[in-house]
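Geometric and topological summary
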Amino acid sequence: MANSIISALYCVATPIGNLDDITLRALDVLKNVDIIAAEDTRTTQVLLNKYSITTKLLSYHKFSESSRVELFLNYLKEGKKIALVSDAGTPLISDPGNILVEAVIKEGFRVIPIPGPSAITTLLSAVSRQDEDFKFIGFIDRTKNKIKETIIKNNCENLVFYESPMRLKDTLNVILETYPNKKITIARELTKKFEQIITDNIKEVIEYYENNTLKGEIAVLLHKTVQENEVDIDEKIKKLKALKLKDKDISSVLSELYNVNRNLVYKKCLDFKH
Ligand code: SAM
């Protein structure tokens, strides 16, 4: 295989925990390129040691992205082969590489992906969900208002995001406040010794973490809510109105049952024509 490695930038996916999760092709590339551009050379060194790879490592992290581009472009101009790796998973997935890839393509060199693990696909490969489609947003916003905005905007999507264990509890509480019946999956420490994947309603998940520690790396799936028109909210409003329920109560009941936005249902109630 070594002979097929040409002068190019190889974006190589590496394990997200379990060091056995690496492809034969990734090992071949890492062994036979001239330089490995690594987010943290110490982290990558552990992987290289396991597979007795002695390729030269150079750092390429988010703080040095722009300043390092020139150096790597010069290597490519000299006909050298470069691999780009991040600390874990797939480069450019919430990890550095964007600026380098753009520059390499602009200069007319090839960028060759070497696929492998990513926390997104690992999570999605083990969780059943309504419809296959999903939206990945990287790390979710940090402020309460922004988180709320994001989850309301994506209520009808299977929304995947990364979150730190320090912020997760606050984020879960914002979700509870916004959609009390939201179904959620928390994938913790994927591929590692203490791997845990739990799927439940947001309320139960919060209760669970009140009595259990929340450590390690975390990826989240907020399950999509059945679309409003699939439930036919108008029809439900009509029936509840016929029972003489108040608009306020109708909005509460329907938002609780179908995870639709309470204000939106209330507005529909006001607009309702008999
Ligand atoms: N490039 C990586 C990928 O392809 O998944 C993501 C890098 S991003 C900087 C790191 C975040 O990914 C972590 O903070 C965590 O949210 C998520 N992550 C990485 N490894 C994980 C694992 N083993 N289990 C759960 N989430 C993980």
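The structure this text deals with has already been given above.
Just so it is clear, the structure is predicted and the values come from calculations on it, not from any experiment. (Residues numbered from 1 in each chain as written. Predicted model: local features only at pLDDT ≥ 70, side-chain atom pairs only at ≥ 80, totals over all residues. Heavy atoms only, no water.)

Looking now at a nonpolar patch on the surface. A contiguous nonpolar surface patch, about 360 Å² in accessible area, is contributed by Leu243, Leu245, Val253 and Leu257. For Leu245, the location among the structural elements is in the loop between α10 (233–242) and α11 (247–258). (Patch = residues over 30% accessible without salt bridge, like charges linked within 9 Å, V, L, I, M, F, W, Y side chains within 5 Å. Areas by Shrake-Rupley, 256 points an atom, 1.4 Å probe, with all protein chains shown as cover. Salt bridge = Lys/Arg side-chain N within 4 Å of Asp/Glu carboxyl O. Helix = DSSP H or I, 4+ residues; strand = E, 2+ residues; numbered from the N terminus.)

Taken together, 19 residues surround the ligand, and among them Asp95, Ser118, Ala119, Tyr162 and Ile218 come closest. Contacts to the ligand include Ile16, whose backbone N or O atom sits 3.0 Å from a nitrogen atom. In the environment of the ligand, a nitrogen atom lies 3.5 Å from a nitrogen or oxygen atom belonging to the side chain of Glu217. Protein coverage of the free-state accessible area of the ligand, which is 570 Å², stands at 90%. The site holding the ligand turns out to be the largest pocket. For the shell around the ligand, the class distribution of residues is 10 nonpolar, four polar and five charged. (Near = heavy atom within 4 Å. Polar contact = N/O pair within 3.5 Å; in protein donor to acceptor, adjacent residues only side chain to side chain. 1 Å grid on protein atoms, 1.4 Å probe; cavity = no way out; pocket = protein on both sides within 12 Å on 5 of 7 lines; lining within 4 Å. Sits in = over half its atoms within 2 Å of the grid points. Nonpolar A, V, L, I, M, F, W, Y, C, P; charged D, E, K, R; others polar.)

Moving on, we come to the pairing of strand β7 (residues 159–163). Extensive coverage of β7 is indicated by the burial of five of its five residues. Residues Leu159, Phe161 and Glu163 of β7 are buried on one face, and the alternating residues Val160 and Tyr162, pointing to the opposite face, are buried as well. Looking at chain direction, strand β6 (residues 135–139) and β7 are connected through three bridges and run parallel. Counterpart to Phe139 in the pairing with β7 is Tyr162. Viewed along the sheet, the connection from β6 through helix α6 (residues 144–153) into β7 turns out right-handed. Inspection of the sheet shows β7 paired to strand β10 (residues 218–222) by five bridges, in the antiparallel sense. For Tyr162, the partnering residue across the bridge sits in β10 and is Ala219. (Buried < 20%, exposed > 50% of the residue type's maximum accessible area, 1.4 Å probe, protein only. Pairing = 2+ DSSP bridges. Right-handed = clockwise from strand over helix to strand, strands pointing away.)

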